[in-house]
Amino acid sequence: MSRPASPLRAVIALAGHELRLTARRGENVLVTVVIPAGVLVFFGTVGVVPGITGPVVDFLLPGSLALGVIASGLVSLGIITAFERSYGVLKRLGGAPLPRWGLVAAKLVAVLALELVQVVVLVAVAWAVLGWRPSADLSIPLFALALVLGSVPFVGLGLLMAGTLRAEATLALANALFLACLVVGDIVVPVDQLPGPIAALAHALPASALADLFRAALGSATEVVRPILVLAAWGIGAAGLTIRTFRWE
């Protein structure tokens, strides 16, 4: 008689399944890989980014990395999970031998794996097309912290929408928030170039905090404490709300 797989093996297997499904959906590849790379190349070559004194790629690469994290956690994960809930897939998975925390863990592992692919693609594009080279102040530990800590609030927000709203509403809201982050998230336009009230709001958002933390990790900025605190606050808030409100059916 065969024994059920261990939780760890089950989580890894389900995460691999999530990644395969993501790769098969053209719209997911578009929003998670093609759009961040396109933003990087377009704004890096047309020279329309205001208020930048150094190489524009030093500003755009961290912003594009942040955009990739937003696309993976907020948009792709949120929309996929919302439609899985709508179709009853989550309810059926909830009855599987793997506990529900394992299902959530598998989705998180899949998101982090996708983000690693995004990092490789975006760094390769910046290197080959825009002539980016790593700074002597590059910090791999800080970069890893930015990737993991920055994923938490956007994964939390994606699951919050997926677990409380209809699938169609999640689709619309996730895409609207993605565009808002692109405009005011310190990704292609520096926050200090925005009007005063909008700039104040942008400084408090996790998108700009993540972009700033990536810039610090890549050696093109020095501010670390504020982005970490902003991301931690948003992560705790989003995760707490998701745990309290998420519905599996």
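For the structure itself, consult the block above.
Residues numbered from 1 in each chain as written. Predicted model: local features only at pLDDT ≥ 70, side-chain atom pairs only at ≥ 80, totals over all residues. Heavy atoms only, no water.

Enquirer: Quick one: what's the story with the packing of helix H6 (residues 140-164) against helix H10 (residues 225-245), residue by residue and with numbers?
Expert: Two numbers describe how H6 lies on H10: the axes approach to 8 Å, and their chain directions differ by 30 degrees. The pairing of H6 with H10 is recorded here as roughly parallel in orientation. Of the two elements, H6 crosses H10, and the hand of that crossing is left-handed. Residue-level contacts link Leu-145, Leu-149, Gly-150, Val-152, Pro-153, Gly-156, Leu-157, Leu-159, Leu-160, Gly-163 and Thr-164 of H6 to Ile-228, Leu-231, Ala-232, Trp-234, Gly-235, Ala-238, Leu-241, Thr-242 and Thr-245 of H10. Partitioning the contact of H6 with H10 into residue classes produces 13 nonpolar, seven polar and no charged. (Axes fitted to C-alpha atoms, helices over the stretch in contact; angles between N-to-C directions. Helix = DSSP H or I, 4+ residues; strand = E, 2+ residues; numbered from the N terminus. Parallel < 35°, antiparallel > 145°, perpendicular 65-115°, else oblique. Left-handed = near helix turned anticlockwise from the far one by under 90°. Contact = heavy atoms within 4.5 Å. Nonpolar A, V, L, I, M, F, W, Y, C, P; charged D, E, K, R; others polar.)

Enquirer: Describe empty space enclosed by the protein, listing the residues and the values that go with them.
Expert: One way to see where empty space is left: roll a probe the size of a water molecule over the atoms. Per the stated rule, a full pass over the model turns up one cavity of 30 Å³ or more. The computed volume of the largest cavity comes to approximately 110 Å³. What lines the largest cavity is simply Glu-18, Leu-19, Thr-22, Ser-72, Ser-76, Leu-77, Ile-80, Lys-107, Ala-110, Val-111 and Leu-114. Elements represented by at least two residues in the lining of the largest cavity include exactly helix H1 (7-24), helix H3 (56-86) and helix H5 (100-130). (1 Å grid on protein atoms, 1.4 Å probe; cavity = no way out; pocket = protein on both sides within 12 Å on 5 of 7 lines; lining within 4 Å. Points joined across faces, edges and corners; volume = space filled by probe spheres on them.)

Enquirer: Can you explain a nonpolar patch on the surface? Please cite residues and give values.
Expert: On the surface, a cluster of nonpolar side chains totalling about 220 Å² of accessible area is made up of Val-29, Leu-30 and Val-34. Here Val-34 is to be found in helix H2 (residues 26-46). Residue class for Val-34 comes out partly exposed when judged on its relative accessible area of 44%. (Patch = residues over 30% accessible without salt bridge, like charges linked within 9 Å, V, L, I, M, F, W, Y side chains within 5 Å. Areas by Shrake-Rupley, 256 points an atom, 1.4 Å probe, with all protein chains shown as cover. Salt bridge = Lys/Arg side-chain N within 4 Å of Asp/Glu carboxyl O. Buried < 20%, exposed > 50% of the residue type's maximum accessible area, 1.4 Å probe, protein only.)

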